[in-house]
Amino acid sequence: MNENLSVLGVFSLLSILAVGGGAAVLPETKALVVETHHWLTDDQFRDIYGLGQVVPGPNMLMVIVIGYHVTGFLGALMAFVGFFLPAGAISWAASRVWDHFEGSPWRRSLQQGLAPLVVGLMASGTISIARTAIDGTLTIIIAFAVFAGVYCVKKVNPALLVLGGGLVGLALLSGTGAGMPPP
């Protein structure tokens, strides 16, 4: 099958499964992109996800970078259309029905039932990324410090904590020469 059609198919499937947002399908995205299709390595996936967290806009724009990596501009377009068009169409249709049932006990029950599901899916996405990103004592300490900062200090921008963690990691790696090219 043409790789562009594969990109479209993979991201269309993920779009339909993305209840609660893109973070909810991170484990399946990683499984399909890294393990099934071998489009990226674990490290490339982690880096692209990390980039999506620090640039402005929705973090799932990372699908465009993945599509571009696979087949260039057309792959980026296929990933974008595949990931955002089905979810957008389903959301639009669902919102029309949802508004119709405003005030209904059925609607309230459904909302209460979906909330834990979404939290669980988002947690599984976090665990999937953590398995790739946390690979030693230093990264455990950085991850714990950022988590504690987000959880305990309510008025700090999480992006600043992520940036700080990245700078600490970079400084420590630079100091040891790890990951640095030879002189």
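Numbers given for residues are sequential positions, taken from 1 along each chain in its written order. Local features in this predicted model are restricted to residues whose pLDDT is 70 or higher, and side-chain atom pairs enter the listing and the counts only when it is 80 or higher, whereas totals over whole chains, interfaces and linings include all residues. With hydrogens and water stripped out, all remaining heavy atoms of the structure feed into the side-chain values.

Enquirer: Could you clarify how one ought to interpret the overall build of the protein chain in this entry?
Expert: In terms of regular secondary structure, the protein chain is built from 8 helices and 0 strands. By the criteria applied, helices consist of DSSP H or I runs no shorter than four residues and strands consist of E runs no shorter than two, each listed in order from the N terminus. Listing every helix and strand of the protein chain by position from the N terminus yields α-α-α-α-α-α-α-α. A principal-axis box enclosing the C-alpha atoms of the protein chain has dimensions of 65 × 45 × 25 Å. Exposure classes here rest on a 1.4 Å probe applied to the protein chains alone. A residue is buried below 20% of its type maximum, exposed above 50%, and partly exposed in between. Relative to its 183 residues, the protein chain shows a buried fraction of 28%. Looking at the protein chain alone, contacts between residues at least 24 apart form 55% of all its contacts between residues at least 6 apart. In the form shown here, the protein chain has an accessible surface area of approximately 11500 Å², with 70% of it arising from carbon and sulfur atoms. The centroid of the 8 positive side-chain charges in the protein chain is displaced by 15 Å from the centroid of its 9 negative side-chain charges. By the convention used here, residues are in contact when the closest approach between their heavy atoms is within 4.5 Å. Only the protein chains shown count as cover for residues, with accessible areas throughout obtained via the Shrake-Rupley method and a probe of 1.4 Å. In summary, the charge assignment counts Lys and Arg as positive and Asp and Glu as negative, without counting His or the chain termini. Working definition for charges: the position is that of NZ of Lys, CZ of Arg, CG of Asp or CD of Glu.

Enquirer: Would you take a moment to explain the packing of aromatic side chains for this structure?
Expert: Remark: the centre distance and the inter-plane angle together describe each pair of aromatic rings, the angle taken between the planes. Only rings of Phe, Tyr and Trp enter the pairing, Trp through its six-membered ring, and a pair is recorded when the two centres are within 6.5 Å. The plane angle decides the type: under 30 degrees is stacked, over 60 is edge-to-face, the rest tilted. Tallied over the entire structure, the rule returns 5 aromatic pairs. Note on Phe80 and Phe84: the rings are 5.2 Å apart at their centroids and 45° apart in plane angle, and the pair reads as tilted. With Phe80 and Phe84 both in helix α5 (residues 73-100), this residue pair falls 4 residues apart, about one helical turn. Since its relative accessible area comes to 37%, Phe80 is described here as partly exposed. For Phe84, a relative accessible area of 28% puts it in the partly exposed group. On the numbers, 5.0 Å between centres and 55° between planes, the contact of Phe101 with Trp106 is tilted. In this structure Phe101 comes out as partly exposed when scored by relative accessible area, which is 33%. Look at Trp106 and you get partly exposed, because its relative accessible area is 47%.

Enquirer: Honestly, the UniProt feature "transmembrane region" (unreviewed entry) in the protein chain in this entry has me stumped. Any pointers?
Expert: The UniProt record marks residues 66-92, 136-153 and 160-180 with the feature "transmembrane region" (unreviewed entry), using the residue numbering of this structure. With 96% helix and 0% strand, residues 66-92 has end C-alpha atoms that lie 26 Å from one another. Along residues 136-153, the helical share is 89% and the strand share 0%, with 25 Å between the first and last C-alpha atoms. UniProt positions are given in the numbering used here, feature names are shortened, and annotations may be inferred rather than shown by experiment.

Enquirer: Explanation requested: the nonpolar core in the structure shown.
Expert: Within soluble globular proteins, side chains that are nonpolar tend to cluster in buried spots. The biggest cluster of nonpolar side chains holds 24 residues, and the ones touching the most others in it are Phe11, Val33, Phe45, Met62 and Ile66. Of all the elements in the fold, those that place two or more residues in this core are α1 (3-17), α2 (26-36), α3 (42-54), α4 (62-71) and α5. Beyond its immediate chain neighbours, meaning those up to four positions away, Ile66 contacts Phe11, Val33, Leu40, Phe45 and Ile48. Here the nonpolar core consists of buried residues drawn from Ala, Val, Leu, Ile, Met, Phe, Trp, Tyr and Cys, with membership extended through side-chain atoms lying within 4.5 Å.

Enquirer: How should a nonpolar patch on the surface be read in this particular structure?
Expert: Only residues whose relative accessible area exceeds 30% and that take part in no salt bridge are eligible for patches, with like-charged residues grouped when within 9 Å of each other and nonpolar side chains (Val, Leu, Ile, Met, Phe, Trp, Tyr) grouped when within 5 Å. A carboxyl oxygen of Asp or Glu within 4 Å of a side-chain nitrogen of Lys or Arg is what we treat as a salt bridge. Where nonpolar side chains cluster on the molecular surface, the patch consists of Val97, Phe101, Trp106, Leu110, Leu114 and Leu117 and spans about 510 Å² of accessible area. Ranked by the residues each element gives to the nonpolar patch, the list is headed by helix α6 (residues 105-133), at 4 residues. Following the sequence through the fold, Phe101 ends up in the loop between α5 and α6.

Enquirer: Looking at this structure, how should I read α3?
Expert: Along an α-helix, a turn takes 3.6 residues, which lines up residues three or four apart on a common side. How far a helix is expected to stretch is found by multiplying one less than its residue total by 1.5 Å. Its 13 residues place the ends of α3 19 Å apart at the C-alpha level, agreeing with the 18 Å of an ideal helix rising 1.5 Å per residue. Within α3 the residues assigned to the buried category are Phe45, Ile48, Tyr49 and Gly52. Taken down its axis, α3 places every buried residue within 100° of arc, on the same side. Contact partners of the buried residues in α3: α2, α4 and α6. Taking the helix axis as origin, the arc is that swept by the directions to the C-beta atoms.

Enquirer: Can you walk me through unusual backbone geometry in this structure?
Expert: The bulk of non-glycine residues show a negative phi, and the bulk of peptide bonds are trans. One non-glycine residue, His38, adopts positive backbone phi at about 55°. Take His38: it is sitting in the loop between α2 and α3.

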